[in-house]
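One-letter residues, chain by chain:
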Amino acid sequence: MGEIRDFETAEIAMHAALTGHLVFSTLHTNDAIGAVPRLVDLGVKPPVIAPAINLLMAQRLLRKLCPKCALKRNINKEELQTFKKILENLPPRVEFKTELTNKTEISDAKGCDDCHNGYSGRIAVMELFEITDEVERLILKSPAEVELKEAAKKTGMVTMAQDAVIKILRGITTIEEAERILGSLD
């Protein structure tokens, strides 16, 4: 199904999902968690939303650093504190073994003849919010976004900010690019 923009489309998508159809659609929100309140705003009742959704996904595209001209540097104190805070709740299933210290290297964009202002290509940062039985029961109560965020943490969701920080630490993109697309990382 195309984009869900109104009650009629949302209702068709939800009822198709409830009758056993696998439905893929888009819905404009800031993050995966925002899809539930957005559907409620469109007029869909929580008792219909809860059993109809299995997974919510959000993504943004970030520009990738040019491998030929990226400038490596040590992370500064403020960036180190921000990254530690963002990654402190990273689920154990995520394979990320980098120890963050003041010697951790990240990269900045420079620019050369082979790229566009230090970037070449794009990569997605994503988050996937699995609707577990516990989350489904929570949706039935018309929760605030803050409650959904807590539930998402419990299910082990990796946020777009966490995914972006991992990509920054792996030298794939920059802090500036992540903040340009996602907003402030702190």
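Presented here is a report on the structure given in the accompanying data block. Computed from a prediction, not measured in an experiment: that's the story for all the values here. (Residues numbered from 1 in each chain as written. Predicted model: local features only at pLDDT ≥ 70, side-chain atom pairs only at ≥ 80, totals over all residues. Heavy atoms only, no water.)

All right, on to the packing of aromatic side chains then. Under the definition given, this model contains zero aromatic pairs. Taking the ring centre of Tyr119 as reference, the NZ or CZ of Arg63 above it sits at 4.0 Å. (Phe/Tyr/Trp six-rings, centres within 6.5 Å; stacked < 30°, edge-to-face > 60°. Lys NZ or Arg CZ within 6 Å of the ring centre and 35° of its normal.)

The next point concerns the pattern of salt bridges. If you walk through the whole model with that rule in mind, you get eight salt bridges. Here Asp108 and Arg73 are joined by a salt bridge, their closest N and O atoms 2.6 Å apart. In this pair, Asp108 sits in strand β3 (residues 105–108) while Arg73 sits in strand β2 (residues 71–74), placing the two residues 35 residues apart along the sequence. According to the relative accessible area criterion, Arg73 is partly exposed, its value standing at 22%. The residue Asp163 makes a salt bridge to Lys167 at a minimum N-O spacing of 2.7 Å. Residue Asp163 and its partner Lys167 are located together in helix α7 (residues 160–169), separated by four residues, close to a single helical turn. Taking relative accessible area as the criterion, Lys167 reaches 13% and is therefore assigned buried. (Salt bridge = Lys/Arg side-chain N within 4 Å of Asp/Glu carboxyl O. Helix = DSSP H or I, 4+ residues; strand = E, 2+ residues; numbered from the N terminus. Buried < 20%, exposed > 50% of the residue type's maximum accessible area, 1.4 Å probe, protein only.)

We now examine the layout of surface pockets. Size it by volume and the largest pocket reaches roughly 830 Å³. Every residue lining the largest pocket is counted, 26 residues in all, and those nearest its centre are Ser25, Thr26, Leu55, Leu56 and Met57. For the lining of the largest pocket, the element with the most residues is strand β1 (residues 55–65), which contributes six residues. When its residues are assigned to classes, the lining of the largest pocket shows 17 nonpolar, seven polar and two charged. (1 Å grid on protein atoms, 1.4 Å probe; cavity = no way out; pocket = protein on both sides within 12 Å on 5 of 7 lines; lining within 4 Å. Points joined across faces, edges and corners; volume = space filled by probe spheres on them. Nonpolar A, V, L, I, M, F, W, Y, C, P; charged D, E, K, R; others polar.)

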